[in-house]
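Given next are the chains, with one letter for each unit.
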Amino acid sequence: MENTLKAVEKWVKSHPYLKDIAALNTAFEKMLENFNVSADMPDIKHIKEQFIQGTPLLLTDLDLGIDNKAGAVFYEICKKGSESLIAELPEIMQNVLKDLSKLSEDNCIKIIKAVLEGNDTFLKEMAEKTGAAKEYLEYFAWVSIKKALSGVKAEIEEFISENGWQKGICPVCGNHASTAFFKHTKRGRQRFLHCDHCGTEWVYKRIGCPYCDNLDQKKMSIKDSEDEPDMRIDLCHNCNSYLKTYIGEDNNSAGKEGWASIHLDILMEDTGFTSKGSLVKP
Ligand SMILES: [Zn+2]
Ligand SMILES: [Zn+2]
C-alpha cells in the first residue's frame, strides 16, 4: 500500500496535471488502508478445464465470495465517503460520494453482482435511486472488486501463468486489457497486459494486438512521444485501436495504470483510433 502511494506521488510529480485523478486514487487507498477484507481462495483445480477453455476466473464456478467481499468494501467507501476525509477531492466526486452514502450494504453487494453479470437494468435502477450516475456505480464497484482481490492477487497470477492464458482479455474479470508494460522475468524482458478493472496482470505475446489478435506487423505501428519517454502508444490498423504501453524500467511505477496516461488518450482523440478497457476515460 505504501509502495502504491509512493509510486503515485512520484508519477504525479512529473505529471502535475494528473493531480485530481491521482488524488482520487490516493483517497481510496487511504480510506481502505485499515479495512481488511480479502476474497476467499478455494481450491482452484476444479475449474482448470473451464479456464484453459478460455473462461475468465470470475465467470467460472470458482467461488471467491467476491460479491460479499467487494460489497463490503463498497459499503465502507459509501460510509467513509461522506466524512471529511474526502475534502481534498474535486467537488463533483464529493457529491457522488454523498449520493452513495444512501446505499445499504445489501444494495452494495447487489451492485457488485450486477456489474459482474452485466445487469444494466439493476444498475440503472440504483443510479436513479441514489442520484449517482451508473458509470460511477460501475467505477466504485470495480475499485471495490480490485481491493477485495488484492489479497489473493499473487496466487491468482501464479495460476494464470501456470495455465498459459494467451488472450487479450483479462483472465480474471474478462474485460479488455487497458494498458501494457514490460518486465524482466526469468524468460527475459516480457510484455505484460494490465487490467484497469480488477488489477490483474498477465504475460502476453511480445508482438500482436490484444484486441483483435492481429499479428501482421504491417498493420501495426508505434507512436512515441517526446514528452513522455516512458510511454509509447501501439496502434493497430486492423481494428483501429490503440494500446498505451509503459516502457520504463520501474516495476512499481504508476505508469502502467490507465489513469496515469489519460493525457495520451486526449492526444489520441479524433485520430480515428479508440482505446479499450480503460476504467477512467477523459
Ligand atoms: Zn480484470
Ligand atoms: Zn487490433
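Rules used in this analysis
- Residues numbered from 1 in each chain as written.
- Chains lettered and ligands numbered in written order.
- Predicted model: local features only at pLDDT ≥ 70, side-chain atom pairs only at ≥ 80, totals over all residues.
- Helix = DSSP H or I, 4+ residues; strand = E, 2+ residues; numbered from the N terminus.
- Rg over C-alpha atoms; globule rule 2.2 N^0.38 Å.
- Contact = placed C-beta atoms within 7 Å.
- Core = buried A, V, L, I, M, F, W, Y, C linked by C-beta atoms within 7 Å.
- Buried ≥ 20, exposed ≤ 12 C-beta atoms within 10 Å, placed from the backbone.
- Domains from an automatic or database assignment.
- Arc of directions from axis to C-beta.
- Pairing = 2+ DSSP bridges.
- Nonpolar A, V, L, I, M, F, W, Y, C, P; charged D, E, K, R; others polar.

Draft legend 1. Structural context of the overall build of the chain. Regarding its fold elements, the chain presents 10 helices and 7 strands. Radius of gyration (C-alpha) of the chain: 19 Å, near the 19 Å computed for a compact globule of 282 residues. When the backbone C-alpha atoms are referred to their principal axes, the chain occupies close to 55 × 45 × 35 Å. Sequence separation of 24 or more characterises 60% of the internal contacts of the chain that already satisfy a separation of 6 or more.

Draft legend 2. Structural detail: unusual backbone geometry. Of note, the phi angle at Asp213 is positive, near 65 degrees, even though the residue is not glycine. Take Asp213: it is sitting in the loop between strand E3 (201–204) and strand E4 (220–224). Positive phi, normally seen in glycine, also occurs at Asp270, with a value near 65 degrees. Inspection of the secondary structure assignment puts Asp270 in the loop between helix H10 (262–268) and strand E7 (274–275).

Draft legend 3. Looking closely at the nonpolar core. In this structure, Phe74, Ile111, Ile112, Ala141, Ile145 and Cys198 are the most contacted members of the largest nonpolar core, which totals 59 residues. A domain split of this core shows at least three residues from each of domain 1 (32–150) and domain 2 (165–275).

Draft legend 4. Geometry of helix H9 (residues 153–162). Within H9 the residues assigned to the buried category are Ile156, Phe159 and Ile160. Buried residues in H9, looked at end-on, bunch into an arc of 100 degrees, giving them a common side. In H9, the exposed positions that point more than 90 degrees away from the buried face belong to Ala154, Glu155, Glu158 and Glu162. Buried residues along H9 sit in contact with E3. Following H9 by one or two positions, Gly164 adopts a phi angle in the positive range, close to 50 degrees.

Draft legend 5. Representation of the pairing of E3. In this structure, strand E2 (residues 188–194) lies alongside E3, joined through 4 bridges in antiparallel fashion. Looking across to E3, one finds that Phe192 is bridged to Val203. Here E2 hands over to E3 after 6 residues, with Gly199 in that stretch at a positive phi of 85 degrees.

Draft legend 6. Region of interest: the domain arrangement of the chain. Entries for the chain in the domain assignment read domain 1 (32–150) and domain 2 (165–275). One C-alpha centre belongs to domain 1, the other to domain 2, and the line joining them spans 25 Å. Partitioning the side of domain 1 that touches domain 2 into residue classes produces 7 nonpolar, 2 polar and 1 charged.

Draft legend 7. Fine view of the pairing of E4. The element E4 is barely covered by neighbouring structure, given that only 0 of its 5 residues are classed as buried. Pairing analysis gives 5 bridges linking E4 to strand E5 (residues 231–236), with the strands arranged antiparallel. By the bridge assignment, Lys223 is partnered in E5 with Ile233. If you look at the hairpin formed by E4 and E5, you'll find 6 residues sitting between the two strands.

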